Amino acid sequence: MRKIVSLVAVGMLTLSLFAGCAQKPDVKTEEPAKTEQPAKTEEPAKAWVPEKEIEFVVPSSAGGGSDLNARTIADLAQKNNFTPKSFMVVNKPGGSGAVSFSYVYGKKGDPNTLMILHSGQVMSAIVNKSPVKADMLTYVGTVAVDELVFAVKKDSKYKDIESIIKAAKENPDTVKIGGSQRGNGDHLSFLMFNKETGSKAAYVQFNSSGEVMSSLLGGHIDVGIFNPAESNSQIQAGELIPVASFSSERLSGVFKDTPTFKELGYDKLELSEVRAIAGPPNMSAEALKFYEDLLKKVTETDEWKQNYIEKGFMTNKYLTAEETKKFFTAQSKLYEEMFSEVDLSK
């Protein structure tokens, strides 16, 4: 009996030892330190910038309002380091803007080509049924609103607008009024003038306002149609006399004594031009953003406001690419209606 008890005791002891071995000792062991892997961060995409010189096309000869607009933007962008590459202004007159429109259209997808675009050229493309119209290009932005004035030479036999109207009524086609291109703002202002005043003046077309100025000073035409900036220095020098403006209110400076057509009793003779920029079709969103920002920066500089806008008697007006597109889409319909009224688009 004693032997049996002993065997049972040994068995129990053995089981207890096995159980003890099976249990994990209550000892804390340090796990090897985990090496922190740096989080993968995607590098932000670099904003697009031009990698070569930017071709800046002007649809008229040197010396006019579009040429001045382009050279001012180019100069301020370079001077203020708004672009790593300079602008190369290229004048491509012809076909009332059609030559430049076709040239820029042919640069599809090229982010290094821009073109000056103002409402007169948009009109011209519609009226002249040009193969390339503004809405086939890429609208980039709007920078200013410009006005129009009639001016005569200081020794002209016409001293005011009424004498011009009287002569144009009495002697049809003898009073010669010069403007830049056909179917644009200059031409429309002339047609509106004839219609609203009952005049029968003759329109003489030139490639730029610079050519209009040379012809007027040379005595080859009787009246010139200009933006204020295009005629300001000649008026200040006493070489020209502004006889009427198409603005809604009188302009300042050397134009402060120049009556508006509305003041003279011609309420419908009011017309302004919008100065904008366009690019080739299919311009990338990145390039478009770069040029939008550049134009905005240019229009915010004091030099632009004081030396271009104020001296040119313009209104500083910045619009984005999308806003510019909406504006010209609406304006194009208006232009068609206006030209239809003067029987030019037929």
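Before reading on, note that the structure itself is shown above.
Residues numbered from 1 in each chain as written. Predicted model: local features only at pLDDT ≥ 70, side-chain atom pairs only at ≥ 80, totals over all residues. Heavy atoms only, no water.

Next up on the list: the pairing of strand β3 (residues 113-118). Counting buried positions along β3 gives 6 out of 6 residues, so the element sits mostly inside the fold. Taking every second residue as pointing to the same face, both faces of β3 are buried, with Thr-113, Met-115 and Leu-117 on one and Leu-114, Ile-116 and His-118 on the other. In terms of strand pairing, strand β1 (residues 54-58) meets β3 through 3 bridges, oriented parallel. Within β3, the residue paired with Phe-56 across the bridge is Leu-114. Pairing geometry for β3 and strand β10 (residues 273-279), over 4 bridges, is antiparallel. Bridging across to β10, His-118 finds its partner in Arg-275. (Buried < 20%, exposed > 50% of the residue type's maximum accessible area, 1.4 Å probe, protein only. Helix = DSSP H or I, 4+ residues; strand = E, 2+ residues; numbered from the N terminus. Pairing = 2+ DSSP bridges.)

Even without a glycine there, the phi angle at Ser-96 is positive, about 55°. On the basis of relative accessibility, which here comes to 8%, the residue Ser-96 falls in the buried class. The phi dihedral of Lys-129 is positive, around 50°, even though this residue is not glycine. When you line up the elements, Lys-129 lands in the loop between α4 (119-127) and β4 (138-146). Judged by relative accessible area, Lys-129 falls into the exposed class, the value being 56%.

On to the packing of aromatic side chains, then. Within this structure, the stated rule accounts for 15 aromatic pairs. Here Phe-150 and Phe-193 contribute two aromatic rings whose centre-to-centre distance is 5.2 Å and whose plane-to-plane angle is 65°, an arrangement assigned as edge-to-face. With a gap of 43 residues between them, Phe-150 in strand β5 (residues 149-153) and Phe-193 in helix α6 (residues 185-197) connect regions that are remote in the sequence. Phe-150 gets classed as buried once you look at its relative accessible area, which sits at 0%. With centroids separated by 5.7 Å and ring planes inclined at 90°, the aromatic side chains of Phe-150 and Phe-261 adopt a geometry described as edge-to-face. Note that Phe-150 is positioned in strand β5 and Phe-261 in the loop between β9 (240-245) and β10, a separation of 111 residues in sequence. (Phe/Tyr/Trp six-rings, centres within 6.5 Å; stacked < 30°, edge-to-face > 60°.)

One full turn of an α-helix is made of 3.6 residues, so residues set three or four places apart face in the same direction. Taking 1.5 Å per residue, 13 residues should reach 18 Å; α6 reaches 18 Å between its end C-alpha atoms and fits that length. Listing the buried residues of α6 in full gives Gly-185, Asp-186, His-187, Leu-188, Ser-189, Phe-190, Leu-191, Met-192, Phe-193, Asn-194 and Thr-197. Residue Asn-184 occupies the N-cap position of α6, its side-chain oxygen lying 3.2 Å from the main-chain nitrogen of Asp-186. One or two steps after α6, the chain reaches Gly-198, where phi turns positive at roughly 75°. (Expected span 1.5 Å × (residues − 1). Polar contact = N/O pair within 3.5 Å; in protein donor to acceptor, adjacent residues only side chain to side chain.)

Tracing the backbone shows Ala-134 in the loop between α4 and β4. Judged by relative accessible area, Ala-134 falls into the buried class, the value being 4%. Each C-alpha atom, one on Ala-134 and one on Gln-121, is 8.2 Å from the other, the two residues being 13 residues apart in sequence. Contacts of Ala-134, omitting those with residues within four sequence positions, involve Phe-101, Leu-117, Val-122 and Tyr-139. (Contact = heavy atoms within 4.5 Å.)

Turning our eyes to something else, we now look at the side chain of Glu-55. Note that Glu-55 resides in strand β1. Among the residues examined, Glu-55 registers a relative accessible area of 11% and is labelled buried.

What follows concerns the pairing of β10. Most of β10 sits inside the fold, with 7 of its 7 residues counted as buried. Residues Glu-273, Arg-275, Ile-277 and Gly-279 point to one face of β10 and Val-274, Ala-276 and Ala-278 to the other, with burial holding for every one of them. Where β4 meets β10, 7 bridges bridge the pair, whose relative direction is antiparallel. Directly across from Tyr-139, in β10, lies its bridge partner Ala-278.

The strand order β7-β6-β8-β5-β9 describes an open sheet built from 5 strands, whose pairing is mixed. In this open sheet, the two strands that pair with only one neighbour each are β7 (202-206) and β9. Across the sheet, the mean angle from the axis of one strand to that of its neighbour is 30°, orientation sign disregarded. Bridge count for strand β6 (residues 176-180) against strand β8 (residues 223-226) is 2 bridges, and the pairing is parallel. When the sheet's bridge partners are listed, Ile-177 is paired in β8 with Val-223. Strands in contact with helix α5 (residues 161-170) are β5, β8 and β9; relative to β9, the strand with the most contacts, it is inclined by about 80°. (Axes fitted to C-alpha atoms, helices over the stretch in contact; angles between N-to-C directions.)

Moving on, we get to helix α7 (residues 209-217). All of the buried residues in α7 are Ser-209, Gly-210, Val-212, Met-213, Ser-215 and Leu-216. Capping the start of α7 is the job of one residue whose side-chain oxygen sits 3.3 Å from the backbone nitrogen of Gly-210: Ser-208. Downstream of α7 by one or two residues, Gly-219 has phi in the positive range, about 80°.

Coordinates in, geometry out; function isn't part of it.
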